[in-house]
Amino acid sequence: MTSTHQMMALHADTAGGSNSNARQQAPAILEVDDLSVNFGPLRAVDGVSLTVREGDIYALAGESGCGKSTLAYSLLGMVPPPGVVSTGQITFRGRNLTRMDRRKLDQLRGAEISMVFQAAMNAFNPVITIGTQVEHVLQAHPDSFPTAREGREYFEYLLRLVRLDPDVVWNGYESRLSGGMKQRVAIALGLLLRPSVLVLDEPTTALDILNQRLVIDILNDLHETLGVTIIFITHDLALVAELANRVAVMYAGRLVETGTIDEIFYDDRRHPYVSALIRAVPSVTADTELIKPIPGRVPSLAELPPGCRFAPRCALATDICQSVDPPLLLDAAEHGVACHVVNAGLSEKGLLK
Amino acid sequence: MTAAETTPATDPAPLLQVDGLSHRYPTSTAPLPALNGVDLDVAQDSVTAIVGESGCGKTTLGRMITGLLKPSDGRILYQGQDIWKLGRADWNQYRRAVQIVQQDPYASLNPGLSIRETLRPGLLHHKIVPRREVHGEILRLLELVGLDADEAFLRRFPHQLSGGQRQRLAVARAVSLRPQLVVADEPTSMLDVSIRVAVLDLLLSLREEQGLAYVFISHDFGVVRYIARGGRIIVMFFGEVVEDGPAEEVIKHPRHPYSYLLLESIPIPDPRTARRRRREIATDAVDDRAEQPPAEEGCIFANRCPFVEDACRQARPPMAEVSPGHRAACLFPERVPQLAEAIPEIAGV
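Residue indices follow the written sequence of each chain, beginning from 1 at its first position. Both sets of labels track the order of writing: A upward for chains, 1 upward for ligands. Totals for whole chains, interfaces and linings use every residue, but because this is a predicted model, local features are given only for residues with pLDDT of at least 70 and side-chain atom pairs only at 80 or more, for both listing and counting.

**Re the overall build of chain B**
Piece 1. Each helix and strand counted, chain B has 14 helices and 12 strands in total.
Piece 2. The C-alpha atoms of chain B give a radius of gyration of 22 Å, which matches the 20 Å a tight globule of 349 residues would have.
Piece 3. In terms of its C-alpha atoms, chain B occupies a principal-axis envelope of roughly 70 × 55 × 45 Å.
Piece 4. Residue burial here comes from a neighbour count, namely the number of other C-beta atoms, placed from the backbone, that lie within 10 Å of the residue's own C-beta, with 20 or more meaning buried, 12 or fewer meaning exposed, and in between meaning partly exposed. By residue count, 46% of the 349 residues in chain B fall in the buried class.
Piece 5. Our contact criterion uses C-beta atoms placed from the backbone: two residues qualify when those atoms are within 7 Å. Within chain B, counting contacts between residues at least 6 apart in sequence, those at least 24 apart form 65% of the total. Helix and strand assignments come from DSSP, with helices taken as H or I runs of at least 4 residues and strands as E runs of at least 2, each series counted from the N terminus. Based on C-alpha atoms, the radius of gyration is set beside the globule rule, defined as 2.2 Å times the residue count to the power 0.38.

Shown next as structure tokens:
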């Protein structure tokens, strides 16, 4: 275990609670500033700013097409062509990722920011053992461990943390592993080079309930043990509630709310889309009588409404919402909402950051 | 003469009876069949939810109820008649009366057919309305499912519709034949969260208006609880029914260890509940609870069951009543903890 990891574990202890002062003491690790990503004329991510601090478990949440995956891929400089970062920048520990050259990005990926992709079942080569694939990663990053043997030992340590039997996995082929086991091996592989940030794309989608629970427990556990900062993409509010300490909710390319999970789920000052989304999810504990769908549908990026993108579906929308896109306003605790109605009067009350 | 025909008139036969249904896909190399001895009654105007993980046989069961797949063993009785022994005209009527809404509205609609052509052939083939009224009927159906009932919309093709609109069209196609029973196989799992409940509400309102019965297949207990209010839940594990009871009862008081583990593990969209439930983790322990194969002898769940006894491995436990109308295939249902101890919020709903 490196000393960085131990240091970050201290931050992790404070980040889990709702004490926002403690959080603000943790240094920023990733800062996204006015980021836009274009696919031709379509803007999949539009002017997003957010700060991930060391020790966060940060959820990027939203429905399909909201831009959450594009945003996450841009964190690793991996926006698929023809997508391009059209405005803004991403700063990782003071370094501008958006202007970094290819060679430096290659060194950074995996070693400092690592990604576990969706559909982990496709992440492995079926004709060589898992152990051989790990050795390939270690050969590509020869400076990461003093000897290959130590690299293998560290991977076996990670396998035990994800509660798999190292002997079975190291000599096994991916076809021998179930979907849930592959997802756990993919998480261990993502952590092999001891990154300080782990990005996961829909880490529980396509897993059955028992495996979802296991992955949630394991990620909470890894966060505590290794102190790694976790960013995950999800459409599932239950996963946000179970795993995250902070969350950014996106809608049609815009960031509409960012805050702690308690702010998102319980605060009085919330984005109408977020409140409506929480009410729209049938769960085993929600009051069935209160569950309501959101009328209408998510606008296509090619036909965005002028003004607030949620206005056509919003029960609170007023005239200004139809014409002016609302900015995301942060309060002192870094809880941000992009809504004219909710934010009305906020600056007069001196509540803004 | 079938058993159903001898039932006294005071207790009419259920709309559909599934009796000892088993199936093994001819190409399967799995040690266990896809379905094994499934029994199930579907009453008129009822909701029966079938819950289970991927691979438990719920989709196979749905396809068999719809008559799309012939079982290798067992019978499906529709209004007392074995569906695989029906004459041509009766079979035609059965295929009209039992419809299916499938999971993936991107795959279940023919991309080459306009909305009009998606709905028209069924109406004509089954002579639902006279030919000159077909056009009006199509508009009525679109209105019924909350789609635009106008000429321009009729000329659209599936690729011009959103996922939610496609699924509404699939529902319109299913109810256009005025069925008695609709099998809905995960109809909302591919849809965006914000519109799922709208499609569920559509199914519920159609049931009220048309007296439909649903067999609703899902892996999501939240969705099932919403749609099956007042109905039944059937829990399946590797091709077998392990629990069957009133929906609220199964969710609040599961009596089979498998149903209990599923419900206890469900991620819940409420941070306070989630934090309280966060489990202390025994590090370094290999956890393969979710990976154990089903037992080939005795209770199918024995390899994963935390309450297993030697007796469980001797013979397959029969479905036994645990409370009125609620049955579980477990020898020791009293060992299953009360779910409310793990999730108190569940008792209050």
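So, next bit.
**A closer look at the domain arrangement of chain A**
Residues and elements named next belong to chain A.
Piece 1. What the domain assignment lists for chain A is domain 1 (1-112 + 195-294) and domain 2 (132-194).
Piece 2. Summarising the inter-unit geometry, the C-alpha centres of domain 1 and domain 2 are found 25 Å apart.
Piece 3. Taken together, the contact pairs 18 residues of domain 1 with 13 residues of domain 2.
Piece 4. For the side of domain 1 that touches domain 2, the element with the most residues is helix H9 (residues 209-226), which contributes eight residues.
Piece 5. Here the nonpolar group is Ala, Val, Leu, Ile, Met, Phe, Trp, Tyr, Cys and Pro; Asp, Glu, Lys and Arg are the charged ones; every other residue, Gly included, is treated as polar. Split by residue class, the side of domain 1 that touches domain 2 holds 12 nonpolar, five polar and one charged. Residue ranges assigned to the domains are those given by an automatic or database domain assignment.

**A few points about the packing of helix H4 (residues 115-125) of chain B against helix H5 (residues 134-144) of chain B**
Residues and elements named next belong to chain B.
Piece 1. As a rule, the C-alpha atoms of each element are fitted with a line to give its axis, helices using only the stretch in contact, and angles between N-to-C directions run from 0 to 180 degrees. Look at H4 against H5: their axes get within 10 Å of each other, and the N-to-C directions meet at 120°. In terms of orientation, H4 and H5 fall into the oblique class. At the point where H4 passes H5, the crossing takes the right-handed sense. In this structure, H4 uses Arg116, Leu119, Arg120, Leu123 and Leu124 to contact H5, whose residues at the interface are Val134, Glu137, Ile138 and Leu141.
Piece 2. Residues of the contact of H4 with H5, tallied by class, amount to six nonpolar, no polar and three charged. When an angle is under 35 degrees it counts as roughly parallel; over 145 it counts as roughly antiparallel; between 65 and 115 it counts as roughly perpendicular; any other value is oblique. Here a crossing is called left-handed whenever its near helix is offset anticlockwise from the far helix by less than a right angle, and right-handed whenever the offset is clockwise.

**Some remarks on the confidence of the model for chain A**
Piece 1. In the predicted model, chain A carries a mean pLDDT of 88, and the fraction of residues at 70 or more is 91%.
Piece 2. Confidence scores per residue from the predictor, reported as pLDDT, run from 0 to 100. Here residues 1-22 of chain A is a poorly scored stretch, pLDDT under 50, and it has 33 contacts once near neighbours within four places are set aside; other chains count.

**Here we look at the domain arrangement of chain B**
All names here are of chain B.
Piece 1. What the domain assignment reports for chain B is domain 1 (14-251) and domain 2 (253-347).
Piece 2. Computed from C-alpha coordinates alone, the two centres of domain 1 and domain 2 are separated by 29 Å.
Piece 3. Opposite the 16 residues of domain 1 that make contact, domain 2 presents 19 residues.
Piece 4. Sorting the residues of the side of domain 1 that touches domain 2 by element identifies strand E9 (232-237), strand E10 (240-246) and helix H10 (247-252) as the ones contributing at least two each.
Piece 5. Considering each element in turn, the side of domain 1 that touches domain 2 owes the most residues, seven residues, to E10.

**Here we look at the interface of chain B and chain A**
Piece 1. Counting residues at the interface gives 45 residues for chain B and 46 residues for chain A.
Piece 2. Mapped by element, the contributors of at least two residues to the side of chain B that touches chain A are helix H8 (193-210), helix H9 (221-227), helix H11 (257-265), helix H12 (271-277) and helix H14 (344-347) of chain B.
Piece 3. The greatest single-element share of the side of chain B that touches chain A, amounting to six residues, is contributed by H8(B).
Piece 4. Of the residues in the side of chain B that touches chain A, the class split is 24 nonpolar, eight polar and 13 charged.

**Some points on the sheet that holds strand E12 (residues 336-337) of chain A**
Residue and element names in this part refer to chain A.
Piece 1. Pairing is mixed across the open sheet formed by eight strands, whose spatial order is E6-E7-E8-E3-E9-E10-E12-E11. At either margin of the open sheet sits one strand with a lone partner, and together these are strand E6 (113-116) and strand E11 (329-330).
Piece 2. Following DSSP output, two strands are said to pair if at least two bridges run between them. Sheet topology note: the E6/strand E7 (residues 197-201) ladder contains four bridges and is parallel. Directly across from Val116, in E7, lies its bridge partner Leu200.

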